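Fold and contact review
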Amino acid sequence: MVLLRMRAAGFDGAGASVGPLTLDVRAGERAALTFPTAAQASLAAKLAAGIVKATFGSVAVDDFDTRVQSAHCKRAAAFVGHDPLSPPHFDFERYVLYRAALWNVDPAHALATAQLAMERLEGVHEAFAYPLAAALISNPKLLVLDRPPAVYAQQIVDAAGPRAMLTTHGGARDAAAFDDAAVWDRTPA
Amino acid sequence: MTARAFAAIVETRLFAGRRVTIAACAAAALVGVLQPRGIEAPLFFCSFAGIAMAMVQSPGRYAHLDLCEQSAPLFGRELARAKALVPCLVATLATLCYGVGALAGGASWGAAPRLSMALAATLAATLTALSASVRRGSARSLYVLLSAAVACAAYALATIGAAAEAAFCASAAFVALRQYGETLARYDPV
């Protein structure tokens, strides 16, 4: 099953542009996209997660069009931004409960899931680990990461488990780090 | 949107902006002590505080909260209602602090109706200013000017009668909240 389908998709406006991008990410697959600039990498990740709507082409997440069914897309795909978490969100429990409320996830289940993810993210700085752990509480089918730190590639892949993952990068070296850490797996999750 | 999500957005944004809230309330109380009579001081000062608090909700100020809300399965109009409540709560709190300051400064309880008129104008100006928070350049400046104009118009109507002012503020607030919701629904966080 194709979880992310981009067809000549892109964005042009507000002084930023990216695309056209054509890509399929199936259940259990991982894909890394490299861009010449960090801004394009960030924009592409937001396009894939349905946060930014494509101005041309089409983007579908779990067969939902991001332009018209963005809430459905955001249930299927979790987005992790590039910037580390900053205060006042350094209280893990408070942060996870906030995210659980936004995704309407049971608080106890959210805390247990996030705690499990944190164990897999051992060694990752909390500022990077918290957003990723919190993104997993809704059990997304697809994980979209905007320029994840290459140094934590192995832990991120471990935490993501068998779910599909798309990472965008502002340089080929970072993308290669994720390729090294990854096991290319086409088996459905 | 669930009530839980709504409450979480409001609570987290209030917590993130607690220092600005405390500063606005302290300043409003001080204005109340210094100028305890008349409607001008609470109306214009609290409207200013509300506009400032609305601008604090601009994208980038609390970047991670913005990203969490934008990546959550919420609709723009629902998000607008939750985000709009934050500066409105702060503006209401600032107006109440002005009232406390005014009482300390020698005003009587008879000033309460004037305070409620000031609160109506403050909320209308605050909601109008929210549309400026998601715009840039001249459009942003125009919305700030529009919110100041709403406060001025409310003041002009308040001198005629409370009912006219209340009707104007309710209409302006309703239109402003709808406009903000439509803007957030179309907003691309690039």
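Residues numbered from 1 in each chain as written. Chains lettered and ligands numbered in written order. Predicted model: local features only at pLDDT ≥ 70, side-chain atom pairs only at ≥ 80, totals over all residues.

A closer look at the overall build of chain B
Inclusion rule: Going along the chain from the N terminus, every DSSP run of H or I of four or more residues is numbered as a helix, and every run of E of two or more is numbered as a strand. When we talk radius of gyration, it's over C-alpha atoms, and the globule rule is simply 2.2 Å times the number of residues to the 0.38. To assign burial, the other C-beta atoms lying within 10 Å of each residue's own C-beta are counted, with C-beta atoms placed from the backbone; 20 or more indicates buried, 12 or fewer indicates exposed, and intermediate counts indicate partly exposed.
From N to C terminus, chain B includes eight helices and zero strands. For chain B, the succession of helices and strands along the chain, N to C, is α-α-α-α-α-α-α-α. The globule rule puts the C-alpha radius of gyration for 190 residues at 16 Å, and the 16 Å found for chain B is close to it. Its C-alpha atoms put chain B at 50 × 30 × 30 Å along the principal axes. A buried classification covers 47% of the 190 residues belonging to chain B.

Describing the overall build of chain A
Applicable threshold: Two residues form a contact once the distance between their C-beta atoms, set from the backbone, is within 7 Å.
Helix and strand counts for chain A stand at seven helices and eight strands. Burial analysis of chain A (189 residues in total) assigns 51% to the buried set. Within chain A, residue pairs in contact and separated by at least 24 positions form 64% of the contacts whose partners lie at least 6 positions apart.

Brief notes about the nonpolar core
Our working definition: To form a nonpolar core, buried Ala, Val, Leu, Ile, Met, Phe, Trp, Tyr and Cys residues must be joined through C-beta atoms within 7 Å.
Counting residues in each nonpolar core, the largest one holds 126 residues, and the members touching the most others are Leu 132, Leu 142 and Val 144 of chain A together with Ala 28 and Ala 124 of chain B. In terms of residue count, the dominant contributor to this core is helix 6 (residues 112-133) of chain B (13 residues). When sequence neighbours within four positions are dropped, the list of residues in contact with Val 144 of chain A reads Ala 45, Ala 48, Ala 49, Ala 77, Ala 78, Phe 79 and Leu 166 of chain A.

What about the sheet that holds strand 5 (residues 64-65) of chain A?
All names here are of chain A. Under the convention used in this document: When DSSP locates at least two bridges between a pair of strands, those strands are taken to pair. Here an axis means a line fitted to C-alpha atoms, over the contact stretch when the element is a helix, while the angle between two N-to-C directions is reported on a 0 to 180 degree scale.
The strand order across the open sheet built from four strands is 2-1-4-5, with neighbouring strands paired in antiparallel fashion. Every other strand in the sheet has two partners, leaving strand 2 (16-26) and strand 5 as the edge strands with one partner each. The pairing of strand 4 (residues 56-61) with strand 5 spans two bridges and is antiparallel. Considered in strand 5, the bridge of Val 61 is made with Phe 64. Packing of helix 1 (residues 38-48) onto the sheet brings it into contact with strand 1 (2-13), strand 2 and strand 4, and relative to strand 2 it is tilted by some 50°.

What to know about the confidence of the model for chain B
This is how it is decided: Each residue carries a pLDDT score, the predictor's confidence in it, ranging from 0 to 100.
For chain B, the mean per-residue pLDDT works out to 90, and 99% of the residues sit at or above 70. The complex prediction reports pTM at 0.84, with the ipTM value standing at 0.84.

A closer look at the environment of Thr 2 of chain B
Residues and elements named next belong to chain B. By the element assignment, Thr 2 lies in the segment before helix 1 (3-16). Overall, Thr 2 belongs to the partly exposed group, with 13 C-beta atoms counted inside 10 Å. Measuring from C-alpha to C-alpha, the distance between Thr 2 and Glu 78 comes to 9.5 Å, with 76 residues separating the pair along the chain.

Concerning the interface of chain B and chain A
Our working definition: Think of it as three bins: nonpolar holds Ala, Val, Leu, Ile, Met, Phe, Trp, Tyr, Cys and Pro, charged holds Asp, Glu, Lys and Arg, and polar takes everything else, Gly as well.
Listed per partner, the contact involves 21 residues of chain B and 25 residues of chain A. Contributions of two or more residues to the side of chain B that touches chain A are made by helix 1 and helix 4 (63-71) of chain B. Here the side of chain B that touches chain A takes seven residues from helix 4 of chain B, the largest share from any one element. The residue inventory of the side of chain B that touches chain A, partitioned by class, reads 13 nonpolar, five polar and three charged.

Things to note about the sheet that holds strand 3 (residues 30-34) of chain A
Strand-to-strand pairing in sheets goes through backbone hydrogen bonds, with the strands running parallel or antiparallel. Residues and elements named next belong to chain A. Spatial ordering of the open sheet is given by 3-8-7-6, a layout of four strands whose pairing is parallel. The open sheet is flanked by strand 3 and strand 6 (77-80), the only strands paired with a single partner. Taken pair by pair, the neighbouring strands of this sheet meet at an average axis angle of 15°, ignoring direction. Relative to strand 7 (residues 142-146), strand 6 is paired through four bridges, and the arrangement is parallel. Paired with Ala 78 across the bridge in strand 7 is Leu 143. Sheet strands in contact with helix 1 are strand 3, strand 6, strand 7 and strand 8 (164-169), and its direction is about 160° off that of strand 7.

Regarding unusual backbone geometry
Residues and elements named next belong to chain A. The phi dihedral of Asp 62 falls on the positive side, at around 55°, and the residue is not glycine. Relative to the helices and strands, Asp 62 is located in the loop between strand 4 and strand 5. Residue Asp 62 is classed as buried on the basis of its C-beta count, with 20 C-beta atoms lying within 10 Å. The phi torsion at Arg 147 lies on the positive side, around 45°, for a residue other than glycine.

Re helix 3 (residues 40-56) of chain B
Residue and element names in this part refer to chain B. Heads up, the rule is: Multiply 1.5 Å by the residue count of a helix minus one, and that product is the helix's expected span.
Along its 17 residues, helix 3 runs 24 Å from first to last C-alpha, staying within 8% of the 24 Å computed at 1.5 Å per residue. Of all 17 residues making up helix 3, 12 are buried, and the element is well covered by its neighbours. Considered for burial, the residues of helix 3 that qualify are Pro 42, Leu 43, Phe 44, Phe 45, Cys 46, Ser 47, Phe 48, Ala 49, Gly 50, Ile 51, Met 53 and Ala 54. In this structure, the buried residues of helix 3 make contact with helix 2 (18-34), helix 5 (76-104), helix 6 and helix 7 (137-158).

Details of the packing of helix 3 (residues 92-103) of chain A against helix 4 (residues 107-120) of chain A
Residue and element names in this part refer to chain A. For clarity, the threshold we go by: Here is the rule for angles: anything less than 35 degrees is roughly parallel, anything more than 145 is roughly antiparallel, 65 through 115 is roughly perpendicular, and the remaining ranges are oblique. Each crossing is labelled by how the near helix is turned from the far one, with a counterclockwise turn of less than a right angle marking it left-handed and a clockwise turn marking it right-handed.
Where helix 3 meets helix 4, the closest approach of the two axes is 9 Å, and the angle between their N-to-C directions is 125°. With respect to each other, helix 3 and helix 4 are oriented oblique. In terms of crossing hand, the pair formed by helix 3 and helix 4 is right-handed. Residue-level inspection shows Glu 93, Val 96, Leu 97 and Ala 100 of helix 3 in contact with helix 4, the latter providing Pro 107, Ala 110, Leu 111 and Ala 114. Its residues assigned to classes, the contact of helix 3 with helix 4 comprises seven nonpolar, no polar and one charged.

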